[in-house]
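# An overview of the molecular structure
As a plain string of letters, each chain reads:
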Amino acid sequence: MNGVPMQDLLLPLSSDFGLPSDMCPYMRIQCKQHSQLSPSTSADGSGNPESTRRASIHRTKVVEDLLAVFMDSSIIHLTLKMDFVNENAIDDNGVSREVYTAFWEQFLETCEGEAERVPRLRPDFCEAEWQAVGRIWVKGLLDHGVMPVRLSKAFILACIHGVDSVDVDILMTSFLNYLSPVERSAVEKALQGTMEESDEEDLLDLFTRMGSHFLPAKNNMEPAIETMAHKAILQEPKYIVDCFLTPMSLVQLKLPDKDSVLSLYEKKKATGRRVSQLFETTNVVLSQREQTTFNHLQRYVKNADQAKAEKILRFCTGSSVICVDRIGVCFNAETGLSRRPVAHTCGAILEIPCTYSSFPEFRTEFDNILSSNYFEMDIL
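Keep in mind that this is a model prediction, so the values were computed, not measured.

### Some remarks on the overall build of the protein chain
On a plain count of helices and strands, the protein chain comes out with 14 helices and 10 strands. When the 380 residues of the protein chain are sorted by exposure, 51% land in the buried category. Put simply, of all contacts in the protein chain between residues at least 6 apart along the chain, 67% involve residues at least 24 apart.

Printed below as a string of structure tokens:
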């Protein structure tokens, strides 16, 4: 950390411990402290103000603030350092990863779809705003490896290589993930020719929502569903695709074809097993208590579903997708109310107590930490 003072970033836990609010434990994320810079301040340690830009982002309006930064197309070619307003942590990758993650988390709430989502046209966004969103996607990926895996694969492929690059297979895969579980089941049964009466009702509801008020004949069902998929994933957001094309062209060499885009999605996706494989102890030789605690951590993470795996990853790195090669693990002997995990997001280091008496105790404490769903980079 080059001798720069460290400050704790406190994350209040949920009240599931049964403690009064003034005794609520904290989970901590540590980053370097600095004095807050205004969004207009630009400077770097080398004295070259043109190469580095700093921006202060309000967490409650991260979409609005980050869009304002990326309205300038030159930002793509600058070093961007960011911080959250009233959260005193200097950006050494960890804060930037959290900013991009928070942006996509909020932005995706405005998009259409379920497991995979597609941006929708909105009256407050014109070409400049959509191009700014495209720049955020590009710079987050190139600078920090952060990308929104819930943004439709077919949509992103079209943004990088054009609509004609999207074949039927990837289109239908994205469309099925775009649908709700009930709608997906009805479509799959329709394609297989095994629909029941209830499935026909669900499918009719879907066709009606997409602009058609009757079901096609069975021999025309597959092309009708493919047309519906094309409309939802590519046709309706075509203006947005066109706006994204210019900034997205910067990643064409990195992602030259469909397979490279699909591979990137697969590599970035957090699963319990993948995240557990990132953890490595900083010491080669461990005490018995440390080894037991590390075993608890591996077991806890490996058995996590995708949502929990993403939370664990975000707590340790600032990103809910895989963007580091390893997460270092070290130990302390804290007990009682002072016992909590400490995450150094900039260096991807997790410091955990080795004083848990059992795996259920470890699991309960970590579940309460993650269920708080409250991330703040600040000092006490």
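Next comes the rest of the description.
### Some points on the pairing of strand β4 (residues 79-84)
As paired elements, strand β3 (residues 52-57) and β4 share six bridges and run parallel to each other. If you follow R54 over to β4, its bridge partner there is K81. A crossover connection joins β3 to the parallel β4 through helix α1 (residues 62-70); in handedness this β-α-β unit is right-handed.

### Observations concerning the side chain of E116
Its place among the elements puts E116 in the loop between β5 (112-113) and β6 (117-118). Not counting residues up to four positions away in its chain, the partners in contact with E116 are R150, S152, K153, S174, N177 and Y178.

### Here's the deal with the pattern of salt bridges
What the rule picks out here adds up to 18 salt bridges. Note that E105 and R314 form a salt bridge whose closest N and O atoms lie 3.2 Å from each other. Highlighted residues: E105 in helix α2 (residues 94-108) and R314 in helix α13 (residues 306-317), separated in sequence by 209 residues. Classification of E105 by relative accessible area gives partly exposed; the value is 40%. E365 serves as the salt-bridge partner of R339, at 2.9 Å between the closest nitrogen and oxygen. With R339 in the loop between β8 (327-332) and β9 (342-344) and E365 in helix α14 (residues 359-371), this residue pair connects regions lying 26 residues apart in the sequence.

### Looking at a negative patch on the surface
On the surface, E197, E200, E201 and D205 cluster together into a patch of negative charge. A relative accessible area of 52% means that D205 is categorised as exposed.

### Concerning helix α12 (residues 288-302)
For α12, spanning 15 residues, the distance from its first C-alpha to its last is 21 Å, which sits close to the expected 21 Å at 1.5 Å a residue. For α12, every residue scored as buried is listed here: E290, T293, F294, H296, L297, Y300 and V301. Take α12 and look down its axis: the buried residues cluster within an arc of 155°, on one side only. The inward-facing, buried residues of α12 contact α11 (272-278), β7 (279-281), α13, β8, β10 (349-353) and α14.

### Overview of the packing of aromatic side chains
Within this structure, the stated rule accounts for 15 aromatic pairs. Taken together, the ring pairs connect F103, W104, F107, F125, W130, F155 and F244 into an aromatic cluster. Of note, R59 hangs over the ring of F84, and the distance from its end group to the ring centre comes to 4.0 Å. The lysine or arginine in question, R299, covers the ring of F359, its NZ or CZ lying 3.9 Å from the ring centre.

### What to know about the packing of α1 against helix α3 (residues 127-144)
In contact at an axis separation of 9 Å, α1 and α3 are set at 90° when each is read in the N-to-C sense. Relative to α3, the element α1 lies roughly perpendicular. From α1, L66, L67 and F70 reach across to α3, where they touch E129, A132, V133, R135, I136 and K139. Split into classes, the residues belonging to the contact of α1 with α3 amount to six nonpolar, no polar and three charged.

### Topic: the nonpolar core
Grouped together as the largest cluster of nonpolar side chains are 109 residues, with contacts concentrated most on W137, F175 and F279. Here this core spans two domains, since at least three of its residues come from each of domain 1 (51-268) and domain 2 (272-372). Apart from the residues within four sequence positions on either side, F175 is in contact with M210, I225, M228, A229, A232 and I233.

### Some points on the packing of α1 against α2
Between α1 and α2, whose axes approach to 9 Å, the crossing angle comes to 115°. Every pair of crossing elements has a handedness; the one defined by α1 and α2 is left-handed. Residue-level contacts link V62, V63, L66, L67 and F70 of α1 to V99, Y100, A102, F103, Q106 and F107 of α2.

### A look at unusual backbone geometry
Keep in mind that most residues, glycine aside, have a negative phi and that most peptide bonds are trans. Its identity as a non-glycine residue notwithstanding, N86 has a phi of 65°, on the positive side. Mapping N86 onto the fold places it in the loop between β4 and α2. In this structure N86 comes out as exposed when scored by relative accessible area, which is 57%. Phi is positive for A348, close to 55°, though the residue is something other than glycine. According to the relative accessible area criterion, A348 is buried, its value standing at 3%.

### A closer look at the confidence of the model for the protein chain
When pLDDT drops low, the exact placement of atoms in the prediction is not to be read closely. Summary statistics for the protein chain give a mean pLDDT of 86 and a share of 84% for residues scoring 70 or more. Scored below 50 in pLDDT, residues 1-47 makes 126 contacts in the model with residues more than four places away or belonging to other chains.

### Concerning the environment of Y100
Here Y100 lies in helix α2. With 219 residues separating them in the primary sequence, Y100 and S319 have C-alpha atoms 7.9 Å apart. Contact partners of Y100, with chain neighbours within four places excluded, come to L66, F70, L80, M82, I136, K139, G140, H144 and V146.

### Points about the environment of P119
Mapped onto the secondary structure, P119 falls in the loop between β6 and α3. Residues in contact with P119, not counting those within four places in the same chain, are F107, C111, W130, L151, F155, P237 and I240.

Conventions used here
- Residues numbered from 1 in each chain as written.
- Predicted model: local features only at pLDDT ≥ 70, side-chain atom pairs only at ≥ 80, totals over all residues.
- Heavy atoms only, no water.
- Helix = DSSP H or I, 4+ residues; strand = E, 2+ residues; numbered from the N terminus.
- Buried < 20%, exposed > 50% of the residue type's maximum accessible area, 1.4 Å probe, protein only.
- Contact = heavy atoms within 4.5 Å.
- Pairing = 2+ DSSP bridges.
- Right-handed = clockwise from strand over helix to strand, strands pointing away.
- Salt bridge = Lys/Arg side-chain N within 4 Å of Asp/Glu carboxyl O.
- Patch = residues over 30% accessible without salt bridge, like charges linked within 9 Å, V, L, I, M, F, W, Y side chains within 5 Å.
- Areas by Shrake-Rupley, 256 points an atom, 1.4 Å probe, with all protein chains shown as cover.
- Lys, Arg positive; Asp, Glu negative; His and termini not counted.
- Charge placed at Lys NZ, Arg CZ, Asp CG, Glu CD.
- Expected span 1.5 Å × (residues − 1).
- Arc of directions from axis to C-beta.
- Phe/Tyr/Trp six-rings, centres within 6.5 Å; stacked < 30°, edge-to-face > 60°.
- Lys NZ or Arg CZ within 6 Å of the ring centre and 35° of its normal.
- Axes fitted to C-alpha atoms, helices over the stretch in contact; angles between N-to-C directions.
- Parallel < 35°, antiparallel > 145°, perpendicular 65-115°, else oblique.
- Nonpolar A, V, L, I, M, F, W, Y, C, P; charged D, E, K, R; others polar.
- Core = buried A, V, L, I, M, F, W, Y, C linked by side-chain atoms within 4.5 Å.
- Domains from an automatic or database assignment.
- Left-handed = near helix turned anticlockwise from the far one by under 90°.
- pLDDT = per-residue confidence, 0-100.

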